Amino acid sequence: MVVENVDGTELRFKNPGRLLLVVIGFLFWAVGFIDLIGHTSADPDVFGLYSLPFFILIILYASTIIIWFLLFFNSRILSRVVDGVRYIQNHVWSALPILAGVGIALWIIFEWDRWSRLPGLQVAALGLVSLTGFIILFTNWDESKDRQKWRRVIAYVLIALVAVETFIQLVAYLGFLPGVHTIGGDFTPYERVYHNAEGYRNGYANRYGWYYPDSELEEESHRILILGGSNVQALQVSPEDQFSALLPELINQSQVEIGTSAEVISIGLAGFGPSPYLYEEFLSELLLDPGIISVDEIIVLLNLGDDFQSPETAINPIVYTVDETGGVDVHPGSARLRHDLTHYFMRSYLSFQPVETLRGNYLTPKVIEGLFSSWGNAAQASTDSIPADSEIDFPRLRGSVASTYAINEPGHAGIKSTKQQSIAYGNNFIFKLDDDQEKQDSIAILNSLLATAQEFAINNDITFRVVTIPFFPEAFFDQFQGDNWEPQIDGYDLFQPERILIEIAQSEGIPLLPMGHYMSTDKLNVEAIRSLHYSNGQGHFTPVGHEYYAKAIYECFYAETENDRCSW
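Residues numbered from 1 in each chain as written. Predicted model: local features only at pLDDT ≥ 70, side-chain atom pairs only at ≥ 80, totals over all residues. Heavy atoms only, no water.

Description of the sheet that holds strand 3 (residues 182–183)
Pairing between the strands of a sheet is mediated by backbone hydrogen bonds and can be parallel or antiparallel.
Here is step 1: An order of 3-4-5 is seen for the three strands of this open sheet, with the pairing classed as antiparallel. Each edge of the open sheet is held by one strand with a lone partner, namely strand 3 and strand 5 (201–204).
Here is step 2: Pairing geometry for strand 3 and strand 4 (residues 192–195), over two bridges, is antiparallel. Along strand 4, the bridge assignment pairs Ile-183 with Tyr-194.
Here is step 3: The sheet contacts of helix 7 (residues 149–174) involve strand 4 and strand 5, and relative to strand 4 the element is tilted by about 55°. (Pairing = 2+ DSSP bridges. Helix = DSSP H or I, 4+ residues; strand = E, 2+ residues; numbered from the N terminus. Contact = heavy atoms within 4.5 Å. Axes fitted to C-alpha atoms, helices over the stretch in contact; angles between N-to-C directions.)

Laid out in structure tokens, this is it:
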């Protein structure tokens, strides 16, 4: 037994340090077992819960509890295990393959996508594998001084890696990570958010992977869902300064008659335009039973600089087709991508993934990748050429799929991670005064997306609203000063996309706030317009911009008194 009698009066554990390691190992094992038996597999046929292969896996896993009972209650077996560990430590030829196996196992735990539905089992595997490496490297430490120096070498390397990560965390706290401007926005619960290109942020996402205060989801609250791109994601300002956090304060302070207190849930999906969220499947999985939340309103912010989508594969990850009658449909290959992006954006709602959270907070790989990326971008910049037919830069972001994120459902490719790539002059066509087929197709695509979302909202008793985000290129700030400005520049009309949206909204019965008109009627001067965005007017919302948009949305959708800024 692992308990011995001392002088016939006192019971104590033999070798409590060894027993502690056994207890820790058993706790990890138990977490994995609980996760396994609590998981319902696809197409169950055993007691209506599990498929036969999954049931066999549970039985095999459960049978290993015999090992833990023997280690707990048979001191001889525990002693033999200890002797085996000493033998491995004394023979480097046997230790190194085992440690290599530990390294491979850790790589699988971090990289194998199938863990997404069994996070507890993933934690159990991580704990047991790490405990194995710890026992081989650090137990019997005094014996490694002379005959087992290889253990000290490996241990010192690991300690050095921890020291490097600690230093990088400190540098991140101070805002000076080399080669890295943005970390976060991967929709991982409690992931690190670091941003020093526009303002400075150093914080954490909430439990759902959004950089926004955790939603209270009070049962009687009037819930407003805000959807959009990177300006809604808002990694550049603190969660408390985002317009979607300021808006409910304005509504609740004004005692607007909405029946109860307002609560805003903000979901920003950067890099893909409105295609992934303005369609029925995303909205259904998010909002309808057994969805994640229920809401009373949806407000979508459309960026005029990159949300009018061209049906062109070179600049869009999700491709639409437009027929000769103006009918719109998503390309079959893109339909699968769009569907899988829904799961990618909402993966934190499926289950808590602690290993993903750990990876989201481990900065050393991100710094290394950022440095290589910076060197690569510098080399690429020297070879880039400006298209001859593009006089004004209307930059566009797209999301490019980097690899697959496996989903444990039939027919899904899945998305694991995405990268945003800047496409110069990708959206100029929508601002040109000249009309062409690309513009007509783009209008048809956005009209179809908005009509689909409006139909969904009507069918589910939800109010659907749209707010525009006008874009002002560098040429605007170079050409105009003070109050003397207009939206026309050299064959481009900055407010033309907004007028197109007004026509679409009127035809579909969608309440619309055209912010270009709002700013013009508000007599905002050039410097005030510039102050709404970082990067000299070209970047994301500043805190001033967030406050301005919160005020505008409140005045035009919720205030009881009317004003000219909200009339068009």
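Considerations on the packing of aromatic side chains
Aromatic rings in a pair are described by how distant their centres are and how their planes are angled relative to each other.
Here is step 1: Under the defined criterion, the tally for this structure stands at 31 aromatic pairs.
Here is step 2: Summarising the aromatic geometry, the rings of Phe-272 and Phe-345 are spaced 6.0 Å apart at their centres and angled 70° between planes, so their arrangement reads as edge-to-face. Of this pair, Phe-272 sits in the loop between strand 7 (262–268) and helix 10 (280–287) while Phe-345 sits in helix 11 (residues 332–345), and the two are 73 residues apart along the sequence. Taken individually, Phe-272 and Phe-345 each receive the classification buried, so the pair is uniform in this respect.
Here is step 3: Between Phe-541 and Tyr-549, the ring centres sit 4.4 Å apart and the planes meet at 35°, which makes this aromatic pair tilted.
Here is step 4: Using a relative accessible area of 0% as the deciding quantity, one classes Phe-541 as buried.
Here is step 5: Ring pairs connect the aromatic residues Phe-26, Trp-29, Phe-33, Tyr-61, Trp-68, Phe-69, Phe-72 and Phe-73, which therefore count as one cluster.
Here is step 6: Of note, Arg-338 hangs over the ring of Tyr-279, and the distance from its end group to the ring centre comes to 3.9 Å.
Here is step 7: Positioned over the ring face of Tyr-558 is Arg-465, at 5.3 Å from the centre of the ring. (Phe/Tyr/Trp six-rings, centres within 6.5 Å; stacked < 30°, edge-to-face > 60°. Buried < 20%, exposed > 50% of the residue type's maximum accessible area, 1.4 Å probe, protein only. Lys NZ or Arg CZ within 6 Å of the ring centre and 35° of its normal.)

Some details on the pattern of salt bridges
Here is step 1: Counted under the stated rule, the structure contains seven salt bridges.
Here is step 2: The partner of Arg-565 in a salt bridge is Asp-522, with the nearest N and O atoms 3.4 Å apart. Of this pair, Arg-565 sits in the segment after helix 21 (543–557) while Asp-522 sits in the loop between helix 18 (515–521) and helix 19 (526–530); the two residues are 43 residues apart in sequence, bridging distant segments of the chain.
Here is step 3: On the accessibility criterion, Arg-565 (21% relative accessible area) is partly exposed.
Here is step 4: One continuous salt-bridge network, built from bridges that share partners, spans Glu-111, Glu-356 and Arg-359. (Salt bridge = Lys/Arg side-chain N within 4 Å of Asp/Glu carboxyl O.)

Description of the state of the cysteines
Disulfides are covalent bonds that connect the sulfur atoms of two cysteines.
Here is step 1: Taken as a whole and judged by the stated rule, the model has one disulfide.
Here is step 2: Disulfide pairing is shown between Cys-556 and Cys-566; the S-S distance is 2.0 Å. The chirality of the disulfide connecting Cys-556 with Cys-566 is left-handed, given an S-S dihedral of about -80°. Placement of Cys-556 in helix 21 and of Cys-566 in the segment after helix 21 is noted, with a sequence separation of ten residues between them.
Here is step 3: For Cys-566, a relative accessible area of 19% corresponds to the buried category. (Disulfide = S-S within 2.5 Å.)

Topic: helix 4 (residues 75–90)
Here is step 1: With 16 residues, helix 4 extends 22 Å between its outermost C-alpha atoms, agreeing within 8% with the 22 Å of an ideal straight helix rising 1.5 Å per residue.
Here is step 2: Every buried residue of helix 4 is accounted for by Ser-75, Leu-78, Val-82, Val-85, Ile-88 and Gln-89. Buried positions in helix 4, seen along its axis, are confined to an arc of 140° and lie on one side of it. Residues of helix 4 that are exposed and point over 90 degrees away from its buried face: Arg-76 and Arg-80.
Here is step 3: Between a side-chain oxygen at the N-terminus of helix 4 and the backbone nitrogen of Arg-76 the separation is 3.1 Å; the capping residue is Asn-74. (Expected span 1.5 Å × (residues − 1). Arc of directions from axis to C-beta. Polar contact = N/O pair within 3.5 Å; in protein donor to acceptor, adjacent residues only side chain to side chain.)

Re the side chain of Ser-221
Here is step 1: Structurally, the position occupied by Ser-221 is in the loop between strand 5 and strand 6 (222–228).
Here is step 2: According to the relative accessible area criterion, Ser-221 is buried, its value standing at 9%.
Here is step 3: Within the structure, Ser-221 has its side chain in polar contact with the side chain of Arg-223 (distance 3.5 Å).
Here is step 4: One polar contact links Ser-221 to Glu-263, side chain to side chain, over a distance of 3.2 Å.

A word on the side chain of Gln-236
Here is step 1: Within the element layout of this structure, Gln-236 appears in the loop between helix 8 (230–233) and helix 9 (243–253).
Here is step 2: Its relative accessible area of 5% is what places Gln-236 among the buried residues.
Here is step 3: At 3.5 Å, the side chain of Gln-236 forms a polar contact with the side chain of His-195.
Here is step 4: Of note is the side chain of Gln-236, whose polar atom sits 3.2 Å from the side chain of His-540.
Here is step 5: Discounting chain neighbours no more than four positions away, the residues touching Gln-236 are His-195, Glu-198, Tyr-200, Arg-201, Ser-230, Tyr-534 and His-540.

Shape descriptors only; they carry no functional weight alone.
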